[in-house]
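The primary structure of each chain is shown beneath.
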Amino acid sequence: DGVGVTDATAVSLTIDNASDLGIGSDSTGLLNRLTGSIDEVRISNSRRYTGTFNVPSAAFSDDVNAMALYHFDGCIVKDASANGLHGSLSTTTANNPTGTAGGKFGNGLTFGGAKRVSIADDPQLDFGAATDFTIEAWIKTSSGSDGDIIVKRASDAATTGYLIKYNGIAGTVS
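Residues numbered from 1 in each chain as written. Predicted model: local features only at pLDDT ≥ 70, side-chain atom pairs only at ≥ 80, totals over all residues. Heavy atoms only, no water.

### Some words on the overall build of the protein
Line of reasoning, step 1. For the protein, the count of helices and strands is 0 helices and 11 strands.
Line of reasoning, step 2. Counting over 174 residues, the protein shows a buried share of 41%.
Line of reasoning, step 3. Partitioning the contacts of the protein with sequence separation of at least 6, the portion at a separation of at least 24 is 62%.
Line of reasoning, step 4. Of the roughly 8500 Å² of accessible surface on the protein, a fraction of 51% belongs to carbon and sulfur atoms. (Helix = DSSP H or I, 4+ residues; strand = E, 2+ residues; numbered from the N terminus. Buried < 20%, exposed > 50% of the residue type's maximum accessible area, 1.4 Å probe, protein only. Contact = heavy atoms within 4.5 Å. Areas by Shrake-Rupley, 256 points an atom, 1.4 Å probe, with all protein chains shown as cover.)

Okay, structure coming up:
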């Protein structure tokens, strides 16, 4: 619905990790897989929203603060930012997300089962304790399961990294 759901501040946390970035699941496709659609994922090295949140009326655009930008038009995992952090669909065709006409802007990807997108580890996706950053995405869930991963860049045992997940039982994102 375009409503901002969380704003968090890391006080002493260094948000860097040697893990790949996973969208729709962890980068292995084994844990807490999202059942639903994702369109428009942008990761920025700045705090994009500091006041009243206005729902974007167009696809996210590239700028100097966009570290990664994915439109997911036509099952393509091409980074539309200047950084070239292109991703890949899961290694088996049966696990690849499928295109959907129901994206927020153009197409999006439909996830379910072991379907996932992976983006290789890159230091441009690391953020220090004093660095503001923004992760934003358009999602539409089709199940009420708990802990479905939207974006994850952390190993399961890691104390660094970041994770955004859908909590279907509470109907929230954290």
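The rest of the description comes next.
### Here we look at the pattern of salt bridges
Line of reasoning, step 1. One pass over the structure, following the stated rule, counts 3 salt bridges.
Line of reasoning, step 2. As a salt-bridge pair, Arg42 and Glu136 come within 2.7 Å of each other at their nearest N and O atoms. One end of the pair, Arg42, is in strand S2 (residues 36-44); the other, Glu136, is in strand S8 (residues 134-141), and 94 residues separate them in sequence.
Line of reasoning, step 3. By relative accessible area, Glu136 is classed as buried at 8%.
Line of reasoning, step 4. Residues Asp63 and Arg48 are paired through a salt bridge, measuring 2.8 Å at the closest nitrogen-oxygen approach. Separated by 15 residues along the polypeptide, Asp63 in the loop between S2 and strand S3 (66-70) and Arg48 in the loop between S2 and S3 bring together distant segments of the chain.
Line of reasoning, step 5. Here Asp63 falls in the partly exposed class, since its relative accessible area comes to 31%.
Line of reasoning, step 6. Bridged by salt links that share partners, the residues Arg42, Arg48, Asp63 and Glu136 form one connected network. (Salt bridge = Lys/Arg side-chain N within 4 Å of Asp/Glu carboxyl O.)

### Here's the deal with unusual backbone geometry
Line of reasoning, step 1. One non-glycine residue, Glu40, lies in positive phi territory at about 60°.
Line of reasoning, step 2. Take Glu40: it is sitting in strand S2.
Line of reasoning, step 3. Phi at Phe72 takes a positive value of approximately 55°, unusual for a residue other than glycine.
Line of reasoning, step 4. Among the secondary structure elements, Phe72 is positioned in the loop between S3 and strand S4 (88-89).
Line of reasoning, step 5. On the basis of relative accessible area, Phe72 is assigned to the buried category, the value being 1%.

### Structural notes on the confidence of the model for the protein
If pLDDT is low for a region, its predicted coordinates should not be looked at in detail.
Line of reasoning, step 1. Looking at the protein as a whole, the pLDDT averages 76, with 70% of positions reaching at least 70.
Line of reasoning, step 2. When pLDDT is averaged over each helix and strand of the protein, the minimum, 64, is found for strand S5 (residues 98-100) and the maximum, 95, for S3. (pLDDT = per-residue confidence, 0-100.)

### Focus on the nonpolar core
Line of reasoning, step 1. Within the largest apolar cluster, 25 residues are counted, with the highest numbers of intra-cluster contacts made by Ile23, Ile38, Ile43, Tyr70, Phe72, Val117 and Leu125.
Line of reasoning, step 2. For this core, the secondary-structure elements that each account for two or more residues are strand S1 (21-23), S2, S3, strand S6 (108-111), strand S7 (117-119), strand S9 (146-153) and strand S10 (162-167).
Line of reasoning, step 3. When residues no more than four places from it in sequence are discounted, the contact partners of Phe72 are Ile23, Ile38, Asp39, Glu40, Val41, Val77, Asn107, Gly108, Leu109 and Val117. (Core = buried A, V, L, I, M, F, W, Y, C linked by side-chain atoms within 4.5 Å.)

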